[in-house]
Structure formats: structure tokens, C-alpha cells
Amino acid sequence: MSLKSSIAMAAGKSSYWFLHTFFKGGSSLPGKITKRLDPDILATLGRDYDVIVITGTNGKTLTTALTVQVLKEKYENILTNPTGSNMEQGIITTFLHAAKVKGKRPLAVLEVDEANVIKVTQYIKPKAFVFTNIFRDQMDRYGEIYTTYQKILNGVALAPNATIIANGDAPIFHSKQLPNPIIYYGFDNQPSGDIKATPNTDGVLCPQCQHILHYHFISYSNLGDYFCPNCGYKRPKLNFALNKITNLTPKSSSFEIDGEPIKIDIGGVYNIYNALAAYTVGRFMGVSPAQTRQAFEKDKRIFGRQEEINIGGKLVTLILVKNPVGLNQVIDMISTDKDPFTFIGLLNANYADGIDTSWIWDGDFERLPMMAIKQFITGGQRYRDITYRLQVAGVDPKKHLVEPDLDKVVEMIPKAPTKKVYILATYTAMLSLRKTFAAKGFIKGGMG
Amino acid sequence: MTYSLHVCHLYGDLMNTYGDLGNILVLKYLANKMGVKLTSEVVSLGQDFDPDKFDIVVFGGGQDFEQSIVSKDIQTKKKGLTQFIENGGSVVAICGGYQLLGRYYIGANGEKLAGIGALDHYTDKQKDHRFIGNVVIQNEETGEKYHGFENHQGITFLGKGERPLGKVLEGHGNNGQDHTEGAIYKNVYCTYFHGPILARNNEIAKHVLMNALERKYPNADLSQAQSVKVGSTF
């Protein structure tokens, strides 16, 4: 190790200790300090690790957590980065913080922001990349899915020997010829028909001839068994496939991958994709299907994002929504609830929520009137937008209450006509609600 | 008598970036209140546009790549669309859709891409800058105020026979220079507004529906449809 690297690492580590001890923080600053002193520090830090990079616009965090869980069945030392540390500096900090490992070469499973893949591969040649999906986000809706994918590929180009483990149901991941070995995972659980995606779906052009793609079936959004009737372009052969979805509830999903029955304690078809990605990485790394099943059963806390909060005897589930694809998945998930419930939709339009609220019109709220929803409440800064959205979706005005003030919405929860309450909220609306919940003692502070 | 209107959702599967489907949903919702049955169908790549089949065309905004594909394909529909517009057909065109009805726009890599020239405006491009934010405009003929959200790099300049949808009170509008936003030509409404525009501004949705009804049923008594109240939803 060079003297420069040693000094840089020492500076970074001591700043981590300082921040961690006195401020309970320190996710990116130590990385920043270290990088300043030694710009190539990642090469030094990463060279003893087998690295798996997980990237894509949605599902990175859970896929990373699940992958670590699966690999733990076979490997002892696995380094991973905490949520929100998926940029270069956060990744440097993750390595700095790692305990020294003796003996076997350790693994690092890293969630990496799409644009930061290249900042990692400049210094580290990963063993594998995992591509979850690429959807457009409301935050930068002029940022194109193709541009995002190209950013990832620019990073991958520096590691042509790394195996790519990609979601085979996403047409974009089959659009470019790459030198890397590729493993595809996907869904194979529905009868074969000939359909097109709904008109407001993004990314449905054939990458080869620019005609509209058709599908034998769609799992959600533009994911599925696609084919182009014009030029014959089609989904690649899947190496690992989900064959069957046995049961879906808002809190769990049971399914079979390559015949192995698996249950995860989280709802939502999109989370099945995350589990399938982790399973595939496991298979790639020599973890057996049965071990993966066990891994998912062992530690249920990894799914612990959708907690249920008790408010005045009501079971409240608070869910973040930020883009149409995610929103539609949440709508789909709550539709699997067998019990009647109350639906609360809260729309803010601060920068962190996305200041353009037009995306709510791509949400399939038309499904709500068909569910066992006894009461609707809409609120937040843009309560008029979300209220009108539900009105147009056919929600019965007699069941629909409007309350802009989020604190007053919280007061309405104990009076809800059902035991179960689902709250769909944009980011700052969610923060504000959690603050109120914490102040009233319903939850222990913070984002949890 | 039951009235019906048929909407062409032009390139609805490609030009759909800003909740554009919302414009169709709102047209259906209001039409239903007016006692009008409204149906819609997507007309996209490789398909003909038959001007006699439709009463309203809704043409949304898309991503650069999709819009460049549409720019080529729409030339095959130029004749039909121009005829539809000249004969008083109702059109709502947003962002990329608005640009493509004009003479040309500038693509992602600086290349000049053809519109169909059914309207006389053209669109240049700001260098490394976008107009992003809330917009408020006033329709100077009706006095109505419209609310929306803009996010565009293109700067559009109106041409012969076009008048703006409104005068910019807040935000940037067509080009940030002449205080105009959008365009009106015959029964065509063009705009950079997301919102989507018809959801935020029910008045425009009503104008579009009434124009289409009057054209399709010139001798009918449309007072019931006309009596449906629309108010601010923003």
C-alpha cells in the first residue's frame, strides 16, 4: 500500500470514528476526506474483495439486503453498504469501516447508484453486476431510461469480464450487445397470449426496429415476456425463472422459483423480482435453492419496511409513493387485502416529492372503487390534485373526506370505519406524518 | 338523443410522459357528466389516421428518443391530421405533441427534426437550460386563468394564424421572451402544460368537448351539455 493511501485511509477512518462517536453519523464525509487525499483510494480498499454491484432505478436496497442474506448461507465475510450510501463517497466509507479480514477472500455486495457505477469500476473490477430494472422517476422525468442505462453501461465497459445478472423481463437489458457473460432471471408463470402494454407505459419500443413491443404476458409496467412482431426480437432465454405465484397478500408473497417453494414476508410483485434477483445471485455463487428458501425465512427483519403502526386501535400501514410504477405496484398490493380498509392519499409537491404532480394521472386509481374501501381521505399540499384524481377515478364522494392539514388527517385515523388503514404518501408528507406519529408516541422517532 | 365522441389518443403508447393519459380520463369524466359517451383509441406507429373517424385528437409529450421516432412516422399521417385540423377538428397537443404539429423542432443531438407544419409555429432549443416550474397564464379572450407545470428545453415561436393559449403571469411559457404560452388555431389547443392540463383546467376540457359536439351535431340542442358546471380543481 502506498504511503498516500495509508495516510488517506487513516484520515478517513479517524473522521469516521469521530463522526460516528459524536454525531451518530458519518456515511459520506469520511469517504470524501479519504478521496480528497488519495483519489484512487477505492483501488486500494477494494482489491482484496470479490465485489457484486447491484444497480437499477428501483429495488436496489432490498435486492442488496436479500442478496447478502442469501450469500450468508455460504460465505462468512460479507461487506455491504447501508441504505443511502450508494454513491462513491459512501462506498469508500463502507470499505473504510470494514473490519480487517483474515484468511478467505471476503465478498462485498454493494448497492450502487446508476451514475456511480463507473466511479466504482474505474478502480474495482467486480465479479458480477445485478441489473434490477430501469423506470423513469418523477424527480427527473426528462432523464431518459436510455440515458440511465447508458450510464450503467459506461461503468460496465470497464469490467468486460464481470458477469451481468439482469432482469430478463426488462426489454432494455437485452438491447445492447455486450462482451460480458449474462445471466437472465424473469417470470414464467402466466399463459402465453398476445398483448400490448397500457398506453401510459414507458419503454415499449423495440430496441432493434423501433416498433411497439408485444407481450406473451406482462408482470407489471413494461416487464414481461416481450416480443417484436415486426423483427422477431424477443425476450432472451431465462436462466432462472419464477414458475408460479401461489399467494399474494399485502404482507407476504408465496411463489416458486425453478420449482422451489419460497415465501417472503413482504407484499408486492416488485419485491418478488427483488427476491428472484437475490436467488439468482445465490445460484451464481453456488448457494442452493433450499438454502435460499431458508435464508428468506431466517431473518424477517430485512423485509421490515412496511411496518404496521397502531393508532387508536387502527392498524395503519404507511407506504411511500414517488412514481407511477411504484404507485401502481402499491395499488396492486393493497388490492390483495381480503379485509375492508380505509384509504388515505397524501400528496405534497416539495422538491423531494417531485414538484410536478402530473404523475398521479399515470397511477391506476381506477382500481380503487373496486376494492373493499369504506372510506377515502385525501390531503397534503396538493390535496386538490389528488382529490380530483380520485373523483375522476370514480370514487364515491359520499365516502370521500378531504383534509389538507396532515396533523388533522392523523386525528381522523382513530375514527376510521375500518380496522385497517393504508396511507400512501409522498416523501415529505411521509416525513411529516412520521414526525407527528413520533410526537404522539405511536412510533419511535425518525424514518425507521 | 345520445351523443358520442370518439377520441384519437395519438401515439398514446409513446407520447405519454407527463400523465398525458389524465387528459383522456378527464375528457371521459366530463363527457359522462354531459350525457355524452366518449370512447378513445390509440393510433400509433405504422397506423393510418382517418380524419373522419375521430372527433378529438389528444397528442401528448414524450421522451426525446420516442419523439424522434414519432417525428418520422407522423409524416405518414400529415395529410389526415392537417385535413382534420382545417375542418375544425378538436385537438389537444402537449409539449412534444405541440412541437410536432408545427414546422420543426430541435432534437436531443441538435438535429432539426420535422413536424407536420399543420400549424405555423417552430421550436428551437435552449442551450443546456430548461424551463421548469409552475406556470399561470390568462386566456385574454375569456379571462380564464390556467394553472400548470412546465418542463421543456424547446422554445416555441408562434406563426401565422396562431394566437397564444394565454399570457404568462407566472413562469416562462413558449419561449420566455414574448410572454405567450401555448397556441390556439381553429379548434386546436397547444400547450407546454403538464398537470395534466385538462385535469387542472376543466374549462379547457369543456371548450374542447363543446367544440367537438357542435361540430359533430351542428343542429342539436346542446344546452344540457353546456349547462354542466366546471370549476377550479387546482
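Everything quoted here is computed from the prediction, not taken from an experiment.

A. Representation of the sheet that holds strand β14 (residues 188-191) of chain B. Residues and elements named next belong to chain B. What the six strands build is an open sheet, ordered β2-β1-β3-β4-β14-β13; its pairing is mixed. The open sheet terminates on both sides in strands that have one partner only, identified here as β2 (36-43) and β13 (183-185). Within the sheet, the average angular offset between the axes of one strand and its neighbour, ignoring direction, is 15 degrees. Pairing geometry for β13 and β14, over three bridges, is antiparallel. Paired with isoleucine 184 across the two strands is tyrosine 189, which belongs to β14. Docked against the sheet, helix α3 (residues 78-86) engages β1 (3-10), β3 (56-59), β4 (90-94), β13 and β14, running at close to 120 degrees with respect to β4.

B. Inspection of empty space enclosed by the protein at higher detail. Evaluation of the coordinates by the stated rule reveals four cavities of 30 Å³ or more. Roughly 300 Å³ of internal volume is contained in the largest cavity. Of all elements in the fold, only α2 (64-73), α4 (96-101), β5 (104-106), β7 (122-125) and β9 (145-152) of chain B reach the threshold of two or more residues within the lining of the largest cavity. Considering each element in turn, the lining of the largest cavity owes the most residues, three residues, to β7 of chain B. In terms of residue class, the lining of the largest cavity is made up of six nonpolar, 12 polar and six charged. The space that makes up the second largest cavity amounts to roughly 80 Å³. What lines the second largest cavity is Val321, Leu327, Phe343, Gly345, Leu346, Leu347, Trp359, Ile360, Phe365, Ile386, Leu424 and Thr426 of chain A. Looking at which element gives the most residues to the lining of the second largest cavity, the answer is strand β14 (residues 341-346) of chain A, with three residues. Of the residues belonging to the lining of the second largest cavity, the class tally is 10 nonpolar, two polar and no charged.

C. Expanded view of the UniProt feature "binding site: substrate" (unreviewed entry) in chain B. Feature annotation in UniProt places "binding site: substrate" (unreviewed entry) on Arg130 of chain B, given in this structure's numbering. There is a polar contact of 2.8 Å between the side chain of arginine 130 of chain B and the side chain of asparagine 151 of chain B.

D. Inspection of the pattern of salt bridges at higher detail. Residue and element names in this part refer to chain A. Applying the stated criterion across every chain yields a total of 24 salt bridges over all chains. Close ionic contact of lysine 420 with aspartate 339 constitutes a salt bridge, the shortest N to O distance being 3.0 Å. With a gap of 81 residues between them, lysine 420 in strand β17 (residues 420-425) and aspartate 339 in the loop between α10 (324-334) and β14 connect regions that are remote in the sequence. Its relative accessible area of 37% is what places aspartate 339 among the partly exposed residues. A salt bridge links arginine 382 to aspartate 385; the nearest nitrogen and oxygen atoms lie 3.7 Å apart. As far as burial versus exposure is concerned, arginine 382 and aspartate 385 are alike and both buried. Several salt bridges share partner residues, and in doing so they unite Asp169, Asp188, Asp225 and Arg235 into one network.

E. Seen up close, the packing of helix α4 (residues 60-71) of chain A against helix α8 (residues 269-284) of chain A. Residue and element names in this part refer to chain A. With their axes 8 Å apart at the nearest point, α4 and α8 run at an angle of 40 degrees to one another. Here α8 runs oblique to α4, going by the angle between their axes. As for how α4 packs across α8, the hand of that crossing is right-handed. Packed against α4, whose contacting residues are Leu62, Thr63, Leu66, Thr67, Val70 and Leu71, the element α8 presents Asn271, Asn274, Ala275, Ala277, Ala278, Val281 and Gly282 at the interface. For the contact of α4 with α8, the per-class residue count stands at eight nonpolar, five polar and no charged.

About the criteria used
Residues numbered from 1 in each chain as written. Chains lettered and ligands numbered in written order. Predicted model: local features only at pLDDT ≥ 70, side-chain atom pairs only at ≥ 80, totals over all residues. Heavy atoms only, no water. Pairing = 2+ DSSP bridges. Helix = DSSP H or I, 4+ residues; strand = E, 2+ residues; numbered from the N terminus. Axes fitted to C-alpha atoms, helices over the stretch in contact; angles between N-to-C directions. Contact = heavy atoms within 4.5 Å. 1 Å grid on protein atoms, 1.4 Å probe; cavity = no way out; pocket = protein on both sides within 12 Å on 5 of 7 lines; lining within 4 Å. Points joined across faces, edges and corners; volume = space filled by probe spheres on them. Nonpolar A, V, L, I, M, F, W, Y, C, P; charged D, E, K, R; others polar. UniProt positions renumbered as here; feature names shortened; annotations may be inferred. Polar contact = N/O pair within 3.5 Å; in protein donor to acceptor, adjacent residues only side chain to side chain. Salt bridge = Lys/Arg side-chain N within 4 Å of Asp/Glu carboxyl O. Buried < 20%, exposed > 50% of the residue type's maximum accessible area, 1.4 Å probe, protein only. Parallel < 35°, antiparallel > 145°, perpendicular 65-115°, else oblique. Left-handed = near helix turned anticlockwise from the far one by under 90°.

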